[in-house]
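# Architecture and fold: a report
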Amino acid sequence: MKEFMQQTFAIIKPDAVAKNQIGDILAVTEAAGFKIRALRLTQMTRKQAEGFYGVHRERPFFGELVEFMTEGPCVLMCLEREDAVAKWRETMGATNPANAAEGTIRKHFAESVGRNCVHGSDSAENAAIELAYFFAGSSLS
Ligand code: ATP
Ligand code: MG
């Protein structure tokens, strides 16, 4: 990876996969300048989803969040570009689609604050942790 490049971890969540929006979301992703460095379709186990969203364990929506993330397959990705963490958050839009800016993925594809079609790491440190969580053992170059 070139020095100025950064990687982030992204998910196309089960709501968007069920609605056949993988291709549309990947098109927006590539148009926003991201290189897809790894990609895997998988259905998360309860244990994986609980571990992944462990920081939210005490939140009232935790049970609903784990149910949602395990209800069907999702797409796990490693995305790369300059300033990838911040740029992917920008490309996704706000957590609640009602607050998301025009042209963002969540504005266009998300149903609600809970079923919001994509995930993105919130820091470079968490990107490294999340990439290791789902892509351990595979080579991310
Ligand atoms: P993500 O971590 O999935 O990229 P985010 O960083 O924008 O989203 P977080 O605050 O980390 O938002 O919340 C994690 C996820 O929990 C949200 O994406 C959403 O699916 C769910 N969530 C957050 N707030 C609520 C809420 N008030 N009600 C229901 N679900 C929620
Ligand atoms: Mg988050």
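Read on for an overview of the structure. Just so you know, these numbers come straight off a predicted model, no measurement behind them. Think of each chain on its own: its residues are numbered from 1, step by step along the sequence as written. Here every chain gets a letter starting at A, and every ligand a number starting at 1, in the order they are written. In view of the model being predicted, local features appear only for residues whose pLDDT reaches at least 70, and side-chain atom pairs are presented and counted only at 80 or more, with totals across whole chains, interfaces and linings using the full set of residues. Based on all heavy atoms of the structure, the side-chain values leave hydrogens and waters out of the count.

### Examining the overall build of the chain
The numbering of helices and of strands both runs from the N terminus, where a helix is a DSSP run of H or I of at least 4 residues and a strand a run of E of at least 2. Helix and strand content of the chain: 7 helices and 4 strands. For the chain, the succession of helices and strands along the chain, N to C, is β-α-α-β-α-α-β-α-α-β-α. Only C-alpha atoms enter the radius of gyration, while the globule expectation follows 2.2 Å times N to the 0.38, with N the number of residues. The C-alpha radius of gyration computed for the chain amounts to 14 Å, which stays within 12% of the reference 14 Å derived for 141 residues, consistent with globular compactness. Each principal axis of the C-alpha distribution contributes one length, and for the chain these read about 40 × 35 × 25 Å. Expressed as a percentage of the 141 residues in the chain, the buried residues total 43%. By definition in these notes, contact holds between two residues if any of their heavy atoms fall within 4.5 Å. The long-range share in the chain, meaning contacts at least 24 apart out of those at least 6 apart in sequence, stands at 75%. Here, Shrake-Rupley sampling with a 1.4 Å probe gives the accessible areas, and only protein chains in the shown set may cover a residue. Here the chain has roughly 7,500 Å² of accessible surface; of this, 50% comes from carbon and sulfur atoms. The sign given to each residue is positive for Lys and Arg and negative for Asp and Glu; His and the chain ends receive no count. To locate a charge, take NZ of a lysine, CZ of an arginine, CG of an aspartate or CD of a glutamate. For the chain, the distance from the average position of its 16 positive side-chain charges to the average position of its 18 negative side-chain charges is 2 Å. Buried means the residue's accessible area, taken with a 1.4 Å probe over protein chains only, is under 20% of the maximum for its type, while exposed means over 50%, and partly exposed covers the values in between.

### What about the environment of Pro-73?
Secondary-structure assignment places Pro-73 in the loop between helix H4 (62–70) and strand E3 (74–82). Overall, the relative accessible area of 32% leaves Pro-73 in the partly exposed class. Separated by 33 residues in sequence, Pro-73 and Arg-40 have C-alpha atoms that sit 9.9 Å apart.

### Some points on the layout of surface pockets
Definitions used for this entry: grid spacing 1 Å over protein atoms alone; cavity, a set of points where a 1.4 Å probe fits but cannot get out; pocket, an open set with protein on both sides within 12 Å along at least 5 of 7 lines; lining residue, one with an atom within 4 Å of a point. Grid points are joined across faces, edges and corners, and a volume is the space filled by probe spheres set on the points. Estimates place the volume of the largest pocket at around 760 Å³. Tyr-53, His-56, Phe-61, Leu-65 and His-119 are the residues nearest the centre of the largest pocket, which is lined by 29 residues in total. If you list the elements that add at least two residues to the lining of the largest pocket, you get helix H3 (46–52), H4, helix H5 (84–92), strand E4 (118–120) and helix H7 (124–135). Under this grouping Gly is polar, as are all residues other than the nonpolar Ala, Val, Leu, Ile, Met, Phe, Trp, Tyr, Cys and Pro and the charged Asp, Glu, Lys and Arg. Classifying every residue of the lining of the largest pocket by side-chain character gives 11 nonpolar, 10 polar and 8 charged.

### Quick word on the side chain of Asp-15
Within the fold, Asp-15 resides in helix H1 (residues 14–18). There is no salt bridge for the buried Asp-15, and the closest opposite charge comes from Lys-19, which lies 4.9 Å off by N-O distance. In this view, Asp-15 contacts Phe-68, Glu-111, Arg-115, Asn-116 and Cys-117; residues no more than four positions away in its chain are not counted. Salt bridges are defined by distance alone: a side-chain nitrogen of Lys or Arg within 4 Å of a carboxyl oxygen of Asp or Glu.

### What to know about the environment of Thr-29
Tracing the chain through its elements places Thr-29 in helix H2 (residues 22–31). As for Thr-29 and Lys-47, which are separated by 18 residues in sequence, their C-alpha atoms are 28 Å apart. Setting aside residues no more than four positions away along its own chain, Thr-29 makes contact with Phe-34, Leu-79, Trp-88 and Ile-105.

### Topic: the site of ligand 1
Around ligand 1, 14 residues are found, and the nearest of them are Lys-13, Tyr-53, Thr-95, Asn-116 and His-119. For ligand 1, an oxygen atom lies 2.6 Å from a polar atom in the side chain of Tyr-53. Between His-56 and ligand 1, the recorded distance is 3.0 Å, taken from a side-chain N or O atom to an oxygen atom. Calculation on ligand 1 without its partners gives an accessible area of 580 Å², and the protein chains cover 81% of this total. More than half of a molecule's atoms lying within 2 Å of a cavity's or pocket's grid points is what places that molecule inside it. Taken atom by atom, the bulk of ligand 1 overlaps the largest pocket. For the shell around ligand 1, a count of residues per class yields 4 nonpolar, 6 polar and 4 charged. Think of it this way: one heavy atom of a residue within 4 Å of a molecule or strand is enough to make that residue near it. For this analysis, a polar contact is any N or O atom pair within 3.5 Å, provided that within protein one partner can donate a hydrogen and the other can accept it, and provided that sequence-adjacent residues contribute only side-chain to side-chain pairs.

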